[in-house]
Amino acid sequence: MSAALAEELQRLEEQGSTGILRAGDGEFHLARGAIASVGCRRTIGLDRLAVEAGVATDEDLRRARAGEPGALLRRPRLETLARLSAYDAAYFLLETEAEAEFVPTEEHWLAPVCRIAPHALVSECARRRRPDAGPWTADMVSTVPVSPAYRAPRKRTVLTVGQADVLAAADNHRTIADIARELGRTTYGCLVAVRDLTRAGLIEAPESVDAEERRTRHLAAAPPPEHGRHAARAGYAAAQQNSGTGPPLPRRVPAPVAPPTSGRHALVEEASAAARTPYATTPTPGTTARTADGNSRGADTYSWTPPVDQPWRQVDRALLIRIRTALAELA
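The rules behind the values
- Residues numbered from 1 in each chain as written.
- Predicted model: local features only at pLDDT ≥ 70, side-chain atom pairs only at ≥ 80, totals over all residues.
- Heavy atoms only, no water.
- Helix = DSSP H or I, 4+ residues; strand = E, 2+ residues; numbered from the N terminus.
- Buried < 20%, exposed > 50% of the residue type's maximum accessible area, 1.4 Å probe, protein only.
- Lys, Arg positive; Asp, Glu negative; His and termini not counted.
- Salt bridge = Lys/Arg side-chain N within 4 Å of Asp/Glu carboxyl O.
- 1 Å grid on protein atoms, 1.4 Å probe; cavity = no way out; pocket = protein on both sides within 12 Å on 5 of 7 lines; lining within 4 Å.
- Points joined across faces, edges and corners; volume = space filled by probe spheres on them.
- Nonpolar A, V, L, I, M, F, W, Y, C, P; charged D, E, K, R; others polar.
- pLDDT = per-residue confidence, 0-100.
- Contact = heavy atoms within 4.5 Å.
- Axes fitted to C-alpha atoms, helices over the stretch in contact; angles between N-to-C directions.
- Parallel < 35°, antiparallel > 145°, perpendicular 65-115°, else oblique.
- Left-handed = near helix turned anticlockwise from the far one by under 90°.
- Arc of directions from axis to C-beta.

Description of unusual backbone geometry
- The phi dihedral of R32 is positive, around 55 degrees, even though this residue is not glycine.
- In this structure, R32 sits in the loop between β2 (26-31) and β3 (34-40).

Okay, here's the thing in structure tokens:
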């Protein structure tokens, strides 16, 4: 945390100053020593949070910035979102070792509903700097892309809705700040989700190499294209290029399946056979059964021609009881 920036905020609080304190890629808006708003380019800000939550429209926010907030200040959820965006932006600004500059100005339009003591803001940001944060630091949210793990862990992992959304948005290109803009959520919340997903083995830990080098490294472990299924794909593509249509695909013929002789499937088959006995042709073992088209299927096989416009025969009740008893024993 920047000690110089924290000391400057406390000094302005003691003096009861009103104006803008610029630091790094953001600014603090103070009103009589209290913080009314904080902005940072790495966070989405109050405007996006309010629109996503349905608290205000773009027109309402435009009028408020012009000095006509009207009924917007009387909406209870506005204060909550204003504090949420202020803590989100202040966390990243306080991690920046940049020179601060204070410019006296008029009060921010949020001053009537949002007043945060600078010492309370600094204490909360210090609390968020957890020692078990892992490899993802605050300065990586806009510079390092988030990559999903190439091999998922074997253990079962339960995710929250926010973690699942962040994991789905990770695509080797978006940074944490990009994911926050995509989902309309705070950057710090997405940072915490990425840290938890990295700890669970679902997100790759950040590396010093760039994304292209990581991609090349993983492709180097893949089998060469002249072996395995890659060769079949390459051969098929070459044949298509030469002939224009490609080789015809072989037609699959399903192999005959023998009827079950034991277990619950045999009982079901027995019940079905009992119902269709008048219409089935079941040769004795050792003879050759023929299908409807007259083709021989070999000895000890069975053939059945489905009836046409014939009523279904009632299954024996005793047989149904036997099937239910067998299923209950297997359950």
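Structural notes on the side chain of D88
- Along the polypeptide, D88 turns up in helix α4 (residues 76-93).
- The buried charged residue D88 lacks any salt bridge, with R128 as its nearest oppositely charged partner at 5.1 Å.

Re the layout of surface pockets
- In this structure, the second largest pocket encloses a volume near 190 Å³.
- If you trace the second largest pocket, you find 13 residues lining it, with S37, V38, L46, D47 and H108 closest to the centre.
- Counting residues per element, the ones that place at least two in the lining of the second largest pocket are β2, β3 and α2 (45-53).
- Partitioning the lining of the second largest pocket into residue classes produces four nonpolar, six polar and three charged.

Description of the confidence of the model for the protein
- Confidence in the prediction of the protein, expressed as mean pLDDT, is 77, and 67% of residues score 70 or more.
- Here residues 213-246 is a poorly scored stretch, pLDDT under 50, and it has 18 contacts once near neighbours within four places are set aside; other chains count.

Points about the packing of α4 against helix α5 (residues 118-128)
- At a minimum axis separation of 10 Å, α4 and α5 run at an interaxial angle of 65 degrees. Our classification of the angle between α4 and α5 gives roughly perpendicular. Here α4 runs over α5; the crossing is right-handed. Within the contact between the two elements, α4 uses A86, Y87, D88, A90 and Y91 and α5 uses A120, L121, E124, C125 and R128.
- Within the contact of α4 with α5, the residues separate by chemical class into seven nonpolar, no polar and three charged.

Thoughts on helix α3 (residues 58-65)
- Residues of α3 that are buried: D60, L61 and A64. Buried residues along α3 cover an arc of 95 degrees about the axis, so they all sit on one side.
- Structurally, α3 contributes buried residues whose contacts are with α2.
- Just downstream of α3 lies G67, where phi reads positive at about 100 degrees.

Thoughts on the environment of A205
- Tracing the chain through its elements places A205 in the loop between α8 (187-199) and α9 (211-220).
- As for A205 and V194, which are separated by 11 residues in sequence, their C-alpha atoms are 9.5 Å apart.
- Ignoring anything within four residues of it in the chain, the contact list for A205 reads P135 and T198.

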